[in-house]
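# Architecture at a glance
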Amino acid sequence: MGILAFLYGALSYLAFLASFTYAIGFVGNVVVPKGIDTAPHGPLPEALLVDLLLLGLFAVQHSVMARKGFKQWWTRIVPEPVERSTFVLASSLALALLLWKWQPIAGSLWSVQVPAGRLALQALFWLGWVIVFSSSFMINHFDLFGLRQVYLRLKGEPYRPLPFVKVALYRFIRHPLMLGLLIAFWATPEMSYGHLLFALATTGYIFIGIWLEERDLRREHGAEYEQYRREAGMLLPR
């Protein structure tokens, strides 16, 4: 069972890498065959309905499966060592569906034509993704995506929760990973109405997700986390 759990965790992680890497190209309209603005453009009402349903599906799946109460119920069905990997796999599939079925919306809020301005926004876009990935390693990338859990199961060792630590960017910002996503979603020289819908919806979801996560963290760590909230800004350095 340890070997099966490890293989399942590894496959779930590969699914994450594939969908998330594609998502970077999708948001930036680079490399991948279908970007956020790739034609053809369908009727506006249909595009809005489809896109909002896709965004809502990802948000609900991601938020519900991340909650402690759901995890306690879910681990009665799914073995605890693969709970995180199952969350990662479900999130990857929901993201893949969004990328596959996304309907572009014509028109743009802004279009930067000055070469220096375009270059600056593109650099900011890539900086956002660098912050996202580096932030995951500042805590524990492999625990975050379920690999540590299945590795411990493979070794026959019990899972040991990670201690609450404040390292690197986390010393000044409580949610640097979310900051990186916000930068990546908004830094674009071509803000189409489809991209604007995506950026607005994901920004709203990020703030809701932060509220839910901080509520759980306050319950789990109590005064220690309250002190951390006073020391570090939510998204901007303090």
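In short, a report on the structure.

Of the regular secondary structure elements, the chain holds ten helices and two strands. Going residue by residue from the N terminus, the α and β elements of the chain occur as α-α-α-α-β-α-α-α-α-β-α-α. Here the C-alpha atoms of the chain give a radius of gyration of 19 Å, agreeing with the 18 Å that 2.2 N^0.38 yields for 238 residues. If one aligns the C-alpha atoms of the chain with their principal axes, the spans along those axes are about 55 × 40 × 30 Å. Counting over 238 residues, the chain shows a buried share of 41%. Looking at the chain alone, contacts between residues at least 24 apart form 77% of all its contacts between residues at least 6 apart. A total accessible area of about 12,800 Å² is found for the chain, and carbon and sulfur atoms account for 71% of it. With 21 positive and 15 negative side-chain charges, the chain shows a separation of 4 Å between the mean positions of the two kinds.

Quick look at the nonpolar core now. Ranked by size, the top nonpolar core spans 49 residues in total, and within it F20, W102, W129, L181 and F198 carry the most contacts. Sorting the residues of this core by element identifies α1 (2–28), α2 (44–66), α4 (83–101), α5 (115–139), α7 (147–155), α8 (176–186), α9 (193–221) and α10 (223–231) as the ones contributing at least two each. The element contributing the most residues to this core is α1, with eight residues.

The rules behind each value
Residues numbered from 1 in each chain as written. Predicted model: local features only at pLDDT ≥ 70, side-chain atom pairs only at ≥ 80, totals over all residues. Heavy atoms only, no water. Helix = DSSP H or I, 4+ residues; strand = E, 2+ residues; numbered from the N terminus. Rg over C-alpha atoms; globule rule 2.2 N^0.38 Å. Buried < 20%, exposed > 50% of the residue type's maximum accessible area, 1.4 Å probe, protein only. Contact = heavy atoms within 4.5 Å. Areas by Shrake-Rupley, 256 points an atom, 1.4 Å probe, with all protein chains shown as cover. Lys, Arg positive; Asp, Glu negative; His and termini not counted. Charge placed at Lys NZ, Arg CZ, Asp CG, Glu CD. Core = buried A, V, L, I, M, F, W, Y, C linked by side-chain atoms within 4.5 Å.

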